[in-house]
Amino acid sequence: ICNVGLRSCPEFSGNQLTSIPQIPCLISGHKDDADLQVMMAGSTFRKVKSHSWKKPRHFRLLEDGLNIWYKSRWAGRGHSTFLVSDVEAVRQGHQSEVLQSIADEFPPNLCFTLEFRGRQGNLDLVAETPEEAGAWVRGMRKLIHKAKNMDEKERLDQWVWDWFLKADKNKDGRMNFKEVRKLLKMMNVDMNEDHAFYLFTMADTSMSSSLEIDEFVMFYKMLTQRDEVWKLFQDYSSDGEMLSRGELENILRIEQQEGDGCVEHAQELIDRYEPSEMARSQGSMSLDGFQLYLCSQEGSIFNTSHKDLYQDMSQPLSHYFLSSSHNTYLLEDQLRGQSSLEAYIQALKRGCRCVEIDCWDGPDDEPVVYHGHTLTSKILFRDVIATISEYAFKASDYPLILSLENHCGVEQQRVMAQHLELILGSLLLRAPLGGEAPQQLPSPQDLKGKILLKTKKIGCETLTDEVSDEDETVNPDPDSPSTDQGSAESKLKMSRELSDLVVYCKSVHFRGFQHAQAHYKCDEMSSLSESKARKLAKEAGADFVQHNIRQLSRIYPSGLRTVSSNYNPQELWNVGCQIVALNFQTAGLEMDLNDGLFHQNAGCGYVLKPGFMRDSELPFDPETPQEHSGYAPLRLSIQILSGQQLPKVNQKEGSIIDPLVRVEVYGVPQDLAKEETSHIQNNGFNPVWNETLNFIVHNPGLALVRFVVEDHDKASRNDFVGQFTLPFTSIRPGYRHIHLLSKDGTSIPPASLFVNVSTSELTSGPD
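The rules behind the values
Residues numbered from 1 in each chain as written. Predicted model: local features only at pLDDT ≥ 70, side-chain atom pairs only at ≥ 80, totals over all residues. Heavy atoms only, no water. Helix = DSSP H or I, 4+ residues; strand = E, 2+ residues; numbered from the N terminus. Buried < 20%, exposed > 50% of the residue type's maximum accessible area, 1.4 Å probe, protein only. Contact = heavy atoms within 4.5 Å. Areas by Shrake-Rupley, 256 points an atom, 1.4 Å probe, with all protein chains shown as cover. Arc of directions from axis to C-beta. Pairing = 2+ DSSP bridges. Axes fitted to C-alpha atoms, helices over the stretch in contact; angles between N-to-C directions. 1 Å grid on protein atoms, 1.4 Å probe; cavity = no way out; pocket = protein on both sides within 12 Å on 5 of 7 lines; lining within 4 Å. Points joined across faces, edges and corners; volume = space filled by probe spheres on them. Nonpolar A, V, L, I, M, F, W, Y, C, P; charged D, E, K, R; others polar. Phe/Tyr/Trp six-rings, centres within 6.5 Å; stacked < 30°, edge-to-face > 60°. Parallel < 35°, antiparallel > 145°, perpendicular 65-115°, else oblique. Left-handed = near helix turned anticlockwise from the far one by under 90°.

- Per an unreviewed UniProt entry, the protein is named Phosphoinositide phospholipase C, and its organism is Gadus morhua.

Brief notes about the overall build of the protein
Piece 1. What the protein contains, in helices and strands, is 21 helices and 28 strands.
Piece 2. The buried share among the 767 residues of the protein stands at 56%.
Piece 3. Contacts in the protein between residues far apart in sequence, at least 24 positions, make up 69% of those at least 6 positions apart.
Piece 4. On the protein, roughly 31400 Å² of surface is accessible, and the fraction owed to carbon and sulfur atoms is 48%.

Here we look at helix α8 (residues 227-236)
Piece 1. What α8 keeps buried is the set Glu228, Val229, Leu232, Phe233 and Tyr236. Projected onto a plane normal to the axis of α8, the buried residues spread over an arc of 140° and lie on a single side.

Re the sheet that holds strand β3 (residues 67-72)
Piece 1. Taken together, 7 strands build an open sheet; the order of strands is β4-β3-β2-β1-β7-β6-β5 and the sheet is antiparallel. Both edges of this open sheet fall to β4 (80-83) and β5 (87-92), since each of them pairs with a single strand only. Pairs of neighbouring strands in the sheet enclose a mean axial angle of 35°, with direction left out of account.
Piece 2. Where strand β2 (residues 54-61) lies against β3, 5 bridges are found, and the strand directions are antiparallel. Residue pairing for β3: His58 is matched across the bridge by Lys71.

Observations regarding the pairing of strand β17 (residues 524-529)
Piece 1. Along β17, 6 of the 6 residues are buried, which leaves the element largely enclosed by surrounding structure.
Piece 2. With burial as the criterion, each face of β17 is covered, one bearing Glu524, Ser526 and Leu528 and the other bearing Met525, Ser527 and Ser529.
Piece 3. With 2 bridges joining them, strand β16 (residues 502-507) and β17 adopt parallel strand pairing. The partner of Lys506 across the bridge, within β17, is Glu524.
Piece 4. Here β17 runs beside strand β18 (residues 553-556); their pairing, made up of 4 bridges, is parallel. Looking at β18, one finds that Ser526 is bridged to Ser553.

Re the environment of Leu422
Piece 1. Positionally, Leu422 belongs in helix α15 (residues 410-424).
Piece 2. A sequence separation of 37 residues divides Leu422 from Ile385, and the C-alpha atoms of the two residues are 9.9 Å apart.

As for the environment of Lys454
Piece 1. For Lys454, the location among the structural elements is in strand β15 (residues 451-455).
Piece 2. Taking relative accessible area as the criterion, Lys454 reaches 0% and is therefore assigned buried.

Some details on empty space enclosed by the protein
It is the rolling of a water-molecule-sized probe over the atoms that shows where space remains empty.
Piece 1. A full pass over the atoms with the stated rule returns 5 cavities of 30 Å³ or more.
Piece 2. Estimated volume of the second largest cavity: approximately 90 Å³.
Piece 3. At 3 residues, the largest contribution of residues to the lining of the second largest cavity is made by helix α13 (residues 341-349).
Piece 4. Residue composition of the lining of the second largest cavity, by class: 5 nonpolar, 5 polar and 2 charged.

Observations regarding the packing of aromatic side chains
Piece 1. Taken as a whole, this structure holds 22 aromatic pairs when the rule is applied.
Piece 2. Each ring, one from Tyr320 and one from Tyr606, has its centre 6.1 Å from the other, and the planes form 80°; the classification is edge-to-face. With Tyr320 in strand β10 (residues 320-325) and Tyr606 in strand β20 (residues 606-608), this residue pair connects regions lying 286 residues apart in the sequence.
Piece 3. Here Phe321 and Trp573 contribute two aromatic rings whose centre-to-centre distance is 6.3 Å and whose plane-to-plane angle is 55°, an arrangement assigned as tilted. With Phe321 in strand β10 and Trp573 in helix α20 (residues 570-573), this residue pair connects regions lying 252 residues apart in the sequence.

Let's talk about helix α21 (residues 589-598)
Piece 1. Within α21, 7 of the 10 residues are buried, which leaves it mostly tucked inside the rest of the structure.
Piece 2. Within the sequence span of α21, burial applies to Met591, Asp592, Leu593, Asn594, Gly596, Leu597 and Phe598.

Side note on the layout of surface pockets
Piece 1. Put simply, the second largest pocket is a space of about 570 Å³.
Piece 2. Examining the composition of the lining of the second largest pocket, we find that 3 residues originate from one element, helix α2 (residues 97-101), more than from any other.
Piece 3. In the lining of the second largest pocket, the residues fall into 7 nonpolar, 11 polar and 6 charged.

So, the pairing of strand β27 (residues 734-741)
Piece 1. For β27, the buried fraction is high: 6 of the 8 residues fall into the buried class.
Piece 2. Bridge count for β27 against strand β28 (residues 747-761) is 7 bridges, and the pairing is antiparallel. Looking at β28, one finds that Gly734 is bridged to Val757.

A word on the packing of α13 against helix α14 (residues 381-391)
Piece 1. Contact geometry for α13 and α14: axes closest at 10 Å, N-to-C directions at 25°. In terms of their interaxial angle, α13 and α14 are classed as roughly parallel. Seen along the crossing, α13 lies across α14 with a hand that is right-handed. Contacts between α13 and α14 involve Leu341, Tyr344, Ile345, Leu348 and Lys349 on the former and, on the latter, Asp383, Val384, Thr387, Ile388 and Tyr391.
Piece 2. In the contact of α13 with α14, the residues fall into 7 nonpolar, 1 polar and 2 charged.

Here you go:
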């Protein structure tokens, strides 16, 4: 949250407040909207989980316009709520597997799906009438659009009102001190009761022993005062009240290290964030405006220009890292998990540019997709391709690779080829660009809007007739169980129809770097298990880097990772491997690194490798970065100043976290490092650390920096609170906020950290 704060001091007065927020934020100006009126009146829908599980639930949009309330008809007083902002999209009709399964029972104009952020499952609903379904679909889309487009002030208003509504237990529009005490616990604050009562009394200007909304705004502002922001403001403000444009310009140049353009940028910030019209007209900024700026995306640690498509997209495919998924069809583990079209939708919406499809002979001459020789459920190949056709380019325009793990007989391979051609149509790349054999791989720009098939091709392999794509088919790896590779089913002939659809991603067995160079063809690529790839990276890192300048390499998890755990992708990015496939369904450090790397460049799923990994004239070995001619290590200094409104780990009333911050650096082996602050006792609302963590980064071009907040526990393992990961090259110096993400990778506003970052050249040898 942008905690616009004012000093808690005798001089503090209500007339310093900015305007009272308008309630409810998301439906202000739309109260007469017919669709929202239907939603606020409430509707009873059938909640559908399967063909046999359909139960009535009552849903209603609350007056705040922020929450959807729902309950079972028979649940008594029990109910649940979810935030409108947690819903990413609304699909109308039979647009989910669940609703497709009941298509013969309910027409599409009664059905709709709420699609949630992150890894949370969909909510599939069936209305009583088409009019009611239509009202909810349109209404939800309006609210989602409004939530996505709120400015910083509107977001602040939303959160102020949200806390007020949470605190006002008896819903009388006022808040007594007992309700305030409960509110503080909800806010993760352990405050001395005398001080809490002092703030309450200061805010109670009507002396009614309760707070109305305008008084609550005052209380909230006193509670969210930011001394560290106040100090920075005072250091540059000549009168202690306002920043002139010149003074703001000095902050941007000296503290934020922005260089050229500070004059224009200072005026832009005043126009955008200063809430006082008078201050804006005078070209100055108040503390409120300054804090709004610092809390905005412009005050974020992540370089906002890197959120756009800022990289050269005209280089060969082998010069990029690609966001890549393993066994994409699985929502859970590798042995009993559900295979689902939703898994493809989720991966593609996250910008994934290489998805995997495991194909097996199915009944009625229809190939199926599942993890062979396991109890995972099966889905139809044609449905997978139809889903990919619809979602392939929603998050990114750049080429999508279908990594085909082919276990089908020749007849069903022909069926696969027919489905690919018929369903994908012009999206499917069927021939080399220009009609000639390529001398080097085309670029992502050249292949925009195209889907490429990756599997074996007739004529590429003379050693074996096997068509399964995994390297261990030919050369079994000890960590891969025989249920997946080397099975009799994979020793099959290749269908000409399917083979002809493979253009730039022809799968071949890896026989060593010398063999690959001697028999070089840019459109041939290999798949390696994580263990084999890591061994090669350790023993022949420079050769691996050179190989990956010319050709694509795909890495996949060990077959022993039956619970869908992940390996660290950084080790393989260090040697230039482009397609480092992870289990997208499993949250954790590894997916944080993946999300952190691919958050840049408009989230298009392609990230250009550093220059030293694209230059065949200059060898690079990640084990010895100091031997590279472009070696330029940097010092990274991060002052962890404070935290803002960190989420509670334990929702039990009275439970308050003891937060600490750990900064982790990932990159070449010499750059692996972790440093952490002390923990703050009983304060998740506004903890202050003021501790500095220092690092030496030997190879900034490959480094990722991860900020982790944990709840300290002296008796057991710390609990995860939030994290944010970004490339070292995307870090902006100066006073910055870090907007934390959940374990699931979704935003958790208003939780943030406030830091001061600086980098400098390493003039002397490392410590």
